[in-house]
Amino acid sequence: MKQKNFLFLIAVFLILVSCSADNEVSLEDIENSSPEGLDTLLSKTTSKPWKGEVFSPGKVTGTWNSAMIKDPKSFNLLVAERDAETNAIVNSMHDFLLDYDVIRREWKARAASPEIVTDETKGTL
């Protein structure tokens, strides 16, 4: 039983660390391999850190269900951000005009496109 748990953990590790279209291995193959085979499999894995690529567009499917035990304290965003339960409901009701990508350190357009207009005589944006 311990060996199956170990093999399962190795399989999960491999799935999380290195996903590739080349030389895919099924969970059954990992479970049936020997410890030496697992060492070989681990030696072939490579790290592929995120380099700022755009993610592939997915399909819009499914339904998101949220539940609360209590009534929301407010529908005001400033009040709702202090209460986790209210915040979960209120955030899904609003679409932000702009969003900030902390990885790329730039603003992304959501419901509006940003345009910065400079007034050089007043020294303002």
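In this text, all values refer to a predicted model and were calculated from it rather than measured experimentally.

(A) Seen up close, the environment of Ala112. Considering the arrangement of structural elements, one finds Ala112 in the segment after strand S2 (106–109). Each C-alpha atom of the pair Ala112 and Leu97 lies 5.1 Å from the other, and the pair is 15 residues apart in sequence. In this structure, Ala112 is in contact with Leu97 and Leu98, ignoring residues within four places of it in sequence.

(B) Representation of a nonpolar patch on the surface in the model. Together, Trp50, Phe55, Leu97, Leu98, Tyr100, Val102, Ile103 and Trp107 make up a nonpolar patch on the protein surface, roughly 900 Å² of accessible area in all. Within the secondary structure, Leu98 is located in strand S1 (residues 98–101).

(C) Looking closely at the environment of Phe8. Along the chain, Phe8 falls in helix H1 (residues 2–17). Measuring from C-alpha to C-alpha, the distance between Phe8 and Leu27 comes to 7.9 Å, with 19 residues separating the pair along the chain.

(D) Quick look at the confidence of the model for the chain. Of all residues in the chain, 81% attain a pLDDT of 70 or more, and the chain-wide mean is 75. When mean pLDDT is compared element by element in the chain, S2 scores highest at 84, while H1 scores lowest at 66.

(E) Looking closely at the side chain of Ser74. Tracing the backbone shows Ser74 in the loop between helix H3 (35–44) and helix H4 (77–80). Not counting residues within four places of it along the chain, the set of residues in contact with Ser74 comprises Val79, Ala80, Thr86 and Val90.

(F) Just the pairing of S1, in detail. Both S1 and S2 contribute to a ladder of four bridges, which runs antiparallel. Bridge assignment links Leu98 to a residue of S2, and that residue is Ala109. Between S1 and S2, which pair antiparallel one after the other, the connecting turn spans four residues, and Arg105 there sits at a positive phi close to 60°.

(G) Region of the structure containing helix H5 (residues 84–91). Among all positions of H5, only Thr86, Ile89 and Val90 are buried. Seen along its axis, H5 keeps its buried residues to an arc of 95°; they face one direction. In this structure, the buried side of H5 is in contact with H4.

Rules used in this analysis
Within any chain, residue numbers begin from 1 and follow the written order of that chain's sequence. With pLDDT at 70 or above as the cut-off, local features in this predicted model cover only qualifying residues; side-chain atom pairs require 80 or more to be listed or tallied, and sums for whole chains, interfaces and linings still use all residues. For the side-chain quantities, the full set of heavy atoms in the structure was used; hydrogens and water were omitted. Secondary structure counts use DSSP, requiring at least four H or I residues in a row for a helix and at least two E residues in a row for a strand, with both numbered from the N terminus. Every residue pair with non-hydrogen atoms within 4.5 Å of one another is taken to be in contact. In this analysis, a patch consists of residues with relative accessible area above 30% that form no salt bridge, clustered at 9 Å for like charges and at 5 Å for the nonpolar side chains Val, Leu, Ile, Met, Phe, Trp and Tyr. Accessible surface area values rest on a Shrake-Rupley calculation with a 1.4 Å probe, where residue burial reflects the displayed protein chains alone. Salt bridge criterion: a side-chain nitrogen from Lys or Arg within 4 Å of a carboxyl oxygen from Asp or Glu. Per-residue confidence from the prediction method is given by pLDDT, with values spanning 0 to 100. At least two DSSP bridges between two strands are required for those strands to pair. A simple rule labels every residue: compare its accessible area, found with a 1.4 Å probe on the protein chains alone, to the largest value its type can have, and call it buried under 20%, exposed over 50%, or partly exposed in between. Taken from the helix axis, the directions to the C-beta atoms give the arc we talk about.

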